[in-house]
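Understanding the architecture of this molecule
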Amino acid sequence: MIGHPASHRLRALQMEKVEASMLTVHSLTKSYDLKTLFKNVTFTLNAGERIGLIGPNGCGKTTLLRILAGEEAPDSGVVHRAPDLRFGYLRQGFELNPRATVGEIIGKAAGDAAALEGELASVAARLAQQPQDANLQGSYDALLRRMIMAETGRTAAILAGLGLQEVDPSLPASQLSGGQQTRLSLALILLNDPQLLLLDEPTNHLDIAMLEWLEAWLNESPCAALIVSHDRTFLDHTVNRILDMDAQTGIVREYTGNYSAYLEQRQAEIEKQWAEYKDQQMEIRRMRQDIARVKAQAEYTERQASSIRIGGPEMKGLKASQKSIAKKVAKKAKVREKKLERFLESDERVERPQRAWQMKLEFAAPQHISRYAIWLDRLSIGYRPEAPLLQNLTLEVRAGRRIVLTGLNGSGKTTLLRTISGMIPPLAGEVRLGGSTRLGYMTQDQSNLDPLLTPVQTLIDYFPNETEARRFLSYFLFTGDEPLKPNALLSYGQRARLMLAQLVIQGCNCLLLDEPINHLDIPSRTQFEQALATFDGAVLAILHDRYFIERFADEIWWIESGAIRREHRR
């Protein structure tokens, strides 16, 4: 039905509506308790524009999206969105109806093309008799749009692009994995033919092929989008503006271009601010020296006046003259002091550029490690002997190598790490570890954290007392009462940071990392990259962040058709 002759008219109508229905945000401010998340946020979003919203975890990005979607109210400010604007909002942790099947959920969103075609024919006949009836025209356009949505090829393309075509339609939504639920939620939004997208971490749980599909979809779509993402390559390929939320000031600043362009502009701003700050400090130093010199001159003149003995009218006049000069000089020093004080308190003062608060990650130097940290000997893995996910693998992980394991979702990546770690047995073959290999495993589902323990209790065995444990956790941005919260109440990002803290303190020399940066913000991802660069042990990591892979991987293991293809990079 995509080729329906009326579809061109509908597309033109949609574009006109979008152009007239841009999202306008003016002076939004939001606080919780005494903490201001953001203030005076102002921007507009027009058709075809895609904005990346970035900032550290906890700065208010999700809260801003909730306000734009109408799910939360700001403290002040205005959001203008036309009433007839179709928008889709992808939430973090969005839950589907657990009793509905996958087929029912998709069918409700896509619609029944045959039933809609009959309705459209009926409305078209009535419209031919009453061409000026605006209500009939609106009904015709709405039905036509729903028919385009219901076109089976379009639905199949979206489901295939997000890796959902193989999911059994009779499967209850409650039995989908977290990644499948996220991808199904995204598919439902795209099936609704939105004019505006609000996407909160859309790249979580997407493999590289799905990421590339979503990038192409966004670039070809006429809809506008506001995207919260920590995936730097995804932002480079999709957005044409960046909104940067400063967690320290609560100010949101706008930059033109993609993420790389933002980095260049931000770095230039920081360098300019440093130069202006240094010039200012030199001027302040000069002014203080000048004030000190004038004060010293006044004191000297006062002492000279006090030493004059009054022996006649001439000496009395000289003494009075010297005292008058001393007062004038002292007054000049006071005026200059006041001027300096006013400058230091004014808005003209250039603040010292501040570093964002980032994790302190320092992996301890690993102990001696064998030449081979891990050896896979004719290994087959999976959960059913008759249907292995991967089979007959003979591979090695050498000491000091940084290997990325990647492939389609469901291809066996996590199962391979679970098999290597000993959590599940192999179907055939064996996994051998080097004599000195000490594994550290960071799971994607964060299941190796006890939900009943607090961060302090999780690490206390490695420290002499609670104070030292809390000091160590502060390096991973745990502040206030956060180290005393049960792990079950921590956010995804906080639990990811706690798992990193475990790896650091355990002194492992071979790391198995399953999507280690999935819930980390961009500064923390950068810090993690830098930490791994200084780690001398072996790393086998499941990653889909192409920016990270490009800078990290010595070797890539591509899972293809039940086997692994090795790509040596350096």
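Since the structure is predicted, the reported quantities are computational estimates derived from the model, not experimental observations.

Comments concerning the overall build of the protein
Summing up its helical and strand segments, the protein has 17 helices and 18 strands in all. Residues classed as buried in the protein amount to 46% of the 570 residues present. In the structure as shown, the protein presents an accessible area of about 28,500 Å², 51% of it carried by carbon and sulfur atoms.

Considerations on the pairing of strand 1 (residues 23-32)
Residues in a regular strand point their side chains to alternate faces of the sheet. Relative to strand 2 (residues 35-45), strand 1 runs antiparallel, the two sharing seven bridges. From the neighbouring strand, tyrosine 32 faces strand 2, where its bridge partner is lysine 35.

So, the nonpolar core
In terms of nonpolar packing, the biggest core is built from 40 residues, with Leu184 and Leu197 touching the most fellow members. Elements supplying a minimum of two residues to this core: helix 3 (102-110), helix 6 (152-161), helix 7 (178-191), strand 6 (196-200), helix 8 (208-220), strand 7 (224-228), helix 9 (232-238) and helix 10 (259-307). Sorting elements by how many residues they give to this core places helix 7 first, with seven residues. Setting aside chain neighbours within four positions, we find leucine 197 in contact with Gly88, Ile189, Leu190, Trp217, Leu218, Cys223, Ala224, Ala225 and Leu226.

Some points on the packing of aromatic side chains
Taken as a whole, this structure holds eight aromatic pairs when the rule is applied. Between the aromatic rings of tyrosine 259 and tyrosine 262, the centroid separation amounts to 5.6 Å while the plane-to-plane angle is 40 degrees, which identifies the pairing as tilted. Separated by three residues within a single helix, tyrosine 259 and tyrosine 262 lie in helix 10, roughly one turn from each other. Judged on exposure class, the residue tyrosine 259 and its partner tyrosine 262 are both buried.

Brief notes about the sheet that holds strand 12 (residues 402-406)
Spatial strand order, 14-15-16-12-17-18: six strands in an open sheet with mixed pairing. The two strands at the open ends of the sheet, each matched to only one other strand, are strand 14 (439-442) and strand 18 (563-568). Sheet twist, expressed as the average angle between the axes of neighbouring strands with direction ignored, equals 15 degrees. Relative to strand 17 (residues 555-560), strand 12 runs parallel, the two sharing four bridges. The residue of strand 17 that forms the bridge with isoleucine 403 is glutamate 555.

As for helix 14 (residues 466-474)
An α-helical segment advances 3.6 residues per turn. Residues three or four places apart therefore align on the same side. Along helix 14, the residues that are buried comprise Ala469, Phe472 and Leu473. Considered in projection along helix 14, the buried side chains sweep an arc of 100 degrees and stay on one side of the axis. Taking the backbone nitrogen of threonine 467 as reference, a side-chain oxygen 3.2 Å away marks asparagine 465 as the first, capping residue of helix 14.

Considerations on helix 15 (residues 492-506)
Over its 15 residues, helix 15 runs 21 Å from end to end, which matches the ideal 21 Å to within 8%, given 1.5 Å per residue. Counted residue by residue, helix 15 has 12 buried out of 15 residues, so it is predominantly covered. Listed as buried for helix 15 are Gly493, Gln494, Arg495, Ala496, Arg497, Leu498, Met499, Leu500, Ala501, Gln502, Leu503 and Val504. Glycine 507 lies just past helix 15 and shows a positive phi near 65 degrees.

What to know about the pattern of salt bridges
Tallying each qualifying case throughout the model produces 31 salt bridges. Of the charged contacts in the structure, one is a salt bridge between aspartate 75 and lysine 30, with a shortest N-O distance of 4.0 Å. Pair noted here: aspartate 75 is in the loop between helix 2 (61-68) and strand 4 (76-80) and lysine 30 is in strand 1, with a separation of 45 residues, a long-range link. According to the relative accessible area criterion, aspartate 75 is partly exposed, its value standing at 44%. Arginine 253 is the partner of glutamate 269 in a salt bridge, and the nearest nitrogen-oxygen pair spans 3.1 Å. A residue pair is termed long-range when its members are at least 10 positions apart, and glutamate 269 in helix 10 and arginine 253 in strand 9 (residues 252-256) qualify at 16 residues.

Focus: the sheet that holds strand 10 (residues 372-381)
Spatially, three strands are ordered 11-10-13 in an open sheet, and the strand pairing comes out antiparallel. Taken across any chain shown, the strands that pair with only one partner, and hence form the sheet edges, are strand 11 (390-398) and strand 13 (428-433). Taking each pair of neighbouring strands and ignoring which way they run, the sheet shows an average axis angle of 5 degrees. Sheet topology places strand 10 next to strand 13; five bridges connect them, and they run antiparallel. Note on strand 13: the bridge partner recorded for isoleucine 374 is leucine 433.

Considerations on unusual backbone geometry
For aspartate 193, which is not a glycine, the phi torsion comes out positive at approximately 55 degrees. One can find aspartate 193 in the loop between helix 7 and strand 6.

Quick notes on the side chain of aspartate 244
Topologically, aspartate 244 is positioned in strand 8 (residues 241-245). Summary of buried charges: aspartate 244 has no salt-bridge partner, and the nearest side chain of opposite charge, arginine 266, is 4.3 Å away. Reaching out from aspartate 244, the side chain makes a polar contact with the side chain of tyrosine 262 at a distance of 3.0 Å. The residues contacting aspartate 244, other than those within four sequence positions of it, are Ile54, Ile251, Val252, Arg253, Tyr255, Tyr262 and Arg266.

Focus: the environment of lysine 272
Here lysine 272 shows up in helix 10. Accessibility expressed as a relative area gives 53% for lysine 272, which makes it exposed. Along the primary structure lysine 272 and proline 353 are separated by 81 residues, whereas in three dimensions their C-alpha atoms are 9.9 Å apart.

Some remarks on the state of the cysteines
Applying the stated criterion across every chain yields a total of zero disulfides. Counting only cysteine sulfurs, cysteine 510 is the nearest neighbor of cysteine 508, a cysteine outside any disulfide, at a range of 8.9 Å. Since its relative accessible area comes to 3%, cysteine 508 is described here as buried. Residue class for cysteine 510 comes out buried when judged on its relative accessible area of 0%.

Re the confidence of the model for the protein
On average, residues of the protein score 83 in pLDDT, and 88% of them are at 70 or above. Low confidence marks residues 1-20, where pLDDT is under 50. Its contacts with residues over four positions away, or in another chain, come to 33 contacts.

Criteria and thresholds
- Residues numbered from 1 in each chain as written.
- Predicted model: local features only at pLDDT ≥ 70, side-chain atom pairs only at ≥ 80, totals over all residues.
- Heavy atoms only, no water.
- Helix = DSSP H or I, 4+ residues; strand = E, 2+ residues; numbered from the N terminus.
- Buried < 20%, exposed > 50% of the residue type's maximum accessible area, 1.4 Å probe, protein only.
- Areas by Shrake-Rupley, 256 points an atom, 1.4 Å probe, with all protein chains shown as cover.
- Pairing = 2+ DSSP bridges.
- Core = buried A, V, L, I, M, F, W, Y, C linked by side-chain atoms within 4.5 Å.
- Contact = heavy atoms within 4.5 Å.
- Phe/Tyr/Trp six-rings, centres within 6.5 Å; stacked < 30°, edge-to-face > 60°.
- Axes fitted to C-alpha atoms, helices over the stretch in contact; angles between N-to-C directions.
- Arc of directions from axis to C-beta.
- Polar contact = N/O pair within 3.5 Å; in protein donor to acceptor, adjacent residues only side chain to side chain.
- Expected span 1.5 Å × (residues − 1).
- Salt bridge = Lys/Arg side-chain N within 4 Å of Asp/Glu carboxyl O.
- Lys, Arg positive; Asp, Glu negative; His and termini not counted.
- Disulfide = S-S within 2.5 Å.
- pLDDT = per-residue confidence, 0-100.

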